[in-house]
Structure formats: structure tokens, C-alpha cells
Amino acid sequence: MGVKEQMRKGTTSVILLNLLSELGRPMYGYEIIQELEARSQGSFRFKEGLIYPRLHELEQDGLLRSEWQGEEGTRRRKFYAITDKGRRTLAEELRDWHSFAQAVNRLLSLEATP
Amino acid sequence: MSEIDDLVARIQSQMDLDGETEHEILAEIRDHLEEVVAEARAQSLDEAQALARAAARFGVGEEVGRGLQAAHAGWGTADAVIAAGLPVVCALILRWLAFAPDGTAVGWPQLLSRPAFWIVALAALLIPLLKFERWRYGLAAWAIFWGLTVLFVVWPALRW
């Protein structure tokens, strides 16, 4: 897997965990996509299908849990919610992210200085 | 909705998981696509346009299928040990309960009256069920446990 692909996977996972943590309620795949697009004001667009492997990976890792809701014969949806382990992981990832971003910003500022 | 069927088939072509897991995954994907189509139809697009929009927004089916396969295929070492070892360990514990160290054996009625018997039997069912969240795995482990138990207890030649 290339660096770009790894970054995309890692970033998407943190964004998903953060969204579910912030909203504090279970959400289904399409609802998550719509919310992400609305929050990023359209700048965060990706192929919708690619969100499902990330959601399933997070669930397999115990960071999300899922539950089907809806009666038989009506539209049934699989809702995802963040777990305690997911919240702990998110906190660690956000710390790492801020450290990394600060370091890059410092480097870029140095480079921009004449 | 041939476009949806086609997309779902492309995803499925990349997966080699147990039937129940595949069924759940594909139901979730189909639900997503149908919702996008319904939303597009509500915006006055015709059926063909709505289907085309859903397919275009979803992405390449094969890529999604490979991602889902990778997400579900890997069993960790600990999972494999639990799946394979738990029924055997439980059956051995039960065998130990059935045969006292002095070589005397208790009958089935006595065995069934012991709380330890039911604790072990329930553990053999519930641990894989809760661990793997699939009733099929729980029942399979339970069946292996009972098979071994009957073998150990009923077949005197296997006595230590």
C-alpha cells in the first residue's frame, strides 16, 4: 500500500471516529457521508463506497460497534456508534495529529522565511 | 435496477467470506444505493439518471469489494486459538469432572446435577458467540465441544 493510500485510510478513520464522537449518536453510512460533506462544505468529497471498508475495519478493531435498525419489510439500516476503545484511540490520534501538524507548520514557516 | 445489481455483483466478486457476513455487507451497500436513487428521484431525476448518479457517486465496485474483503478476512492469532482451542479445553475440563483422579467415573445424571458442568457447557457456547458475534460460530464450537465430551465420557478406552 502506498503512502498516499495509507494517509487516506488513516485520515478517513480519524474523521469517522471524530464525527461519531462529536455527534454522540449512532449513524448509518449514507448519513455519515452527507454529514461529512455538509461539514466540509463540499470540499471533502470521495467515492461513497470507500467509506464502508473503513467503517468495517473500525468495527473489526473494536473502535465502532454496529446495529441493524428497522423492521423487516421496511428499510433497514446499519447504524454505527463509537466504543470506549474508539474514544481512547481517537484521543491518541488527535494528539498525534496536532503534534504532526504543528511540526509541519513550523517547518513550512521556516522554509517561507527569507 | 440493473445498475445496482451490477455494482453489488462487482463488489461480491471480490469477496470470499462466509455467507452471513457477505449477505449483511451487500444488504448495507444495496440499502445505501437505493437511498441515493430515492433521493435523486425526489429531485425529479428519472430512473436511469438516478441509477447512473448512484453508481457514479459510489465508485468502483471491485475496489470497494477488495477493501471489505480485507476488513473481514483477517483472523488474529488469538481468535484462531480461541476458535480451535476452546471446545477442546472445555471438553477436557468436563472429562476431568466426569472422571475422578482415583479412576472412578460419575454417571450422566450425577454429571448433569453439578453446577460446574453447566458453567463449562455455557462457557463453551457463550465465549465464541460473544467473541465472534455470529451464532453460527458459537453453535459450531458448541457442537465440537459436545462431540468431544461424548467421546471422552462414553468411550471408556479413552480414559486416562
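Anything mentioned here points back to the structure above.
The numbers attached to residues start from 1 for each chain and follow its sequence in the written order. Written order determines the labels here, with chains lettered from A and ligands numbered from 1. Local features are withheld for residues below a pLDDT of 70 in this predicted model, meaning they are given only at 70 or higher, and side-chain atom pairs are given and counted only at 80 or more; totals for whole chains, interfaces and linings count all residues.

(A) Spatial organisation of the overall build of chain A. Secondary structure follows DSSP: runs of H or I at least 4 residues long count as helices, runs of E at least 2 residues long count as strands, and numbering of each begins at the N terminus. Counting secondary structure elements, chain A contains 4 helices and 3 strands. In sequence order, chain A lays out its α and β elements as α-β-α-α-β-β-α. Counting other C-beta atoms within 10 Å of a residue's own tells you its class, since 20 or more makes it buried, 12 or fewer makes it exposed, and anything in between is partly exposed; those C-beta atoms are placed from the backbone. Considering chain A as a whole, with its 114 residues, one finds that 25% of them fall into the buried category. Two residues qualify as being in contact provided that their C-beta atoms, derived from the backbone, are within 7 Å of each other. Summarising the internal contacts of chain A: among those between residues at least 6 apart in sequence, 46% fall at separations of at least 24.

(B) Looking closely at the overall build of chain B. Counting secondary structure elements, chain B contains 8 helices and 0 strands. Reading the helices (α) and strands (β) of chain B from amino to carboxyl end gives α-α-α-α-α-α-α-α. The buried share of chain B, reckoned over its 160 residues, is 22%. For chain B, restricting intrachain contacts to residue pairs at least 6 apart in sequence, the fraction spanning at least 24 positions comes to 61%.

(C) Summary view of the environment of Ala123(B). With respect to the helices and strands, the residue Ala123(B) is situated in helix 7 (residues 115-132). Since 15 C-beta atoms lie within 10 Å of it, Ala123(B) is described here as partly exposed.

(D) Spotlight on unusual backbone geometry. Positioned with a positive phi, Ser44(B) is a non-glycine residue whose angle comes to about 75°. When you line up the elements, Ser44(B) lands in the loop between helix 2 (19-42) and helix 3 (47-58).

(E) Local environment of the nonpolar core. Residues enter a nonpolar core if they are buried, belong to Ala, Val, Leu, Ile, Met, Phe, Trp, Tyr or Cys, and are joined to the set through C-beta atoms within 7 Å. Within the largest apolar cluster, 30 residues are counted, with the highest numbers of intra-cluster contacts made by Leu17(A), Leu20(A), Leu55(A), Leu64(A), Leu33(B) and Ala54(B). Looking at this core, the element that brings in the most residues is helix 2 of chain B, giving 5 residues. Other than its neighbours up to four places away in sequence, Ala54(B) contacts Ile4(B), Leu33(B), Val36(B), Val37(B) and Ala40(B). Listed in part, the 11 residues of the second largest apolar core include Cys90(B), Ala91(B), Leu94(B) and Ala141(B).

(F) Main features of the interface of chain A and chain B. Each partner contributes residues to the interface: chain A has 15 residues there, and chain B has 15 residues. If you list the elements that add at least two residues to the side of chain A that touches chain B, you get helix 2 (29-39), helix 3 (51-60) and strand 3 (77-82) of chain A. Tallying contributions element by element places helix 3 of chain A first for the side of chain A that touches chain B, with 5 residues. Among the residues making up the side of chain A that touches chain B, the classes are represented as 4 nonpolar, 4 polar and 7 charged. Residues are grouped as follows: Ala, Val, Leu, Ile, Met, Phe, Trp, Tyr, Cys and Pro are nonpolar; Asp, Glu, Lys and Arg are charged; all remaining types, including Gly, are polar.

(G) Structural view of helix 7 of chain B. In a helix, the anticipated span is given by 1.5 Å times the number of residues less one. Along its 18 residues, helix 7 of chain B runs 26 Å from first to last C-alpha, staying within 8% of the 26 Å computed at 1.5 Å per residue. The complete set of buried residues in helix 7 of chain B reads Val120(B), Ala124(B), Leu125(B) and Pro128(B).

(H) Highlighting helix 4 (residues 61-73) of chain B. Over its 13 residues, helix 4 of chain B runs 18 Å from end to end, which matches the ideal 18 Å to within 8%, given 1.5 Å per residue. Three or more residues of helix 4 of chain B are buried, namely Gly61(B), Val64(B), Gly65(B), Gly67(B), Leu68(B), Gln69(B), Ala71(B) and His72(B). Of the surrounding secondary structure, the elements contacted by the buried residues of helix 4 of chain B are helix 3 of chain A together with helix 1 (2-13) and helix 2 of chain B.

(I) Expanded view of the sheet that holds strand 1 (residues 27-28) of chain A. Residue and element names in this part refer to chain A. Should DSSP find at least two bridges between two strands, the strands are regarded as paired. With antiparallel pairing, 3 strands are arranged side by side in an open sheet as 1-3-2. A strand with exactly one partner marks an edge of an open sheet, and here the two such strands are strand 1 and strand 2 (64-69). When strand 2 meets strand 3, the two strands line up antiparallel, connected through 6 bridges. The partner of Glu67 across the bridge, within strand 3, is Phe79.

(J) Examining the pairing of strand 3 of chain A more closely. As judged from the 2 bridges shared by strand 1 of chain A and strand 3 of chain A, these two strands associate in the antiparallel manner. Paired with Tyr28(A) across the strands is Phe79(A), a residue of strand 3 of chain A.

(K) Fine view of the environment of Ser21(A). Residue and element names in this part refer to chain A. The topology assignment puts Ser21 in helix 1 (residues 3-23). Remark: the alpha-carbon pair of Ser21 and Arg87, spanning 66 residues in sequence, is separated by 7.0 Å. For Ser21, the contacting residues outside a window of four places in its chain are Ile82, Arg87 and Leu90.

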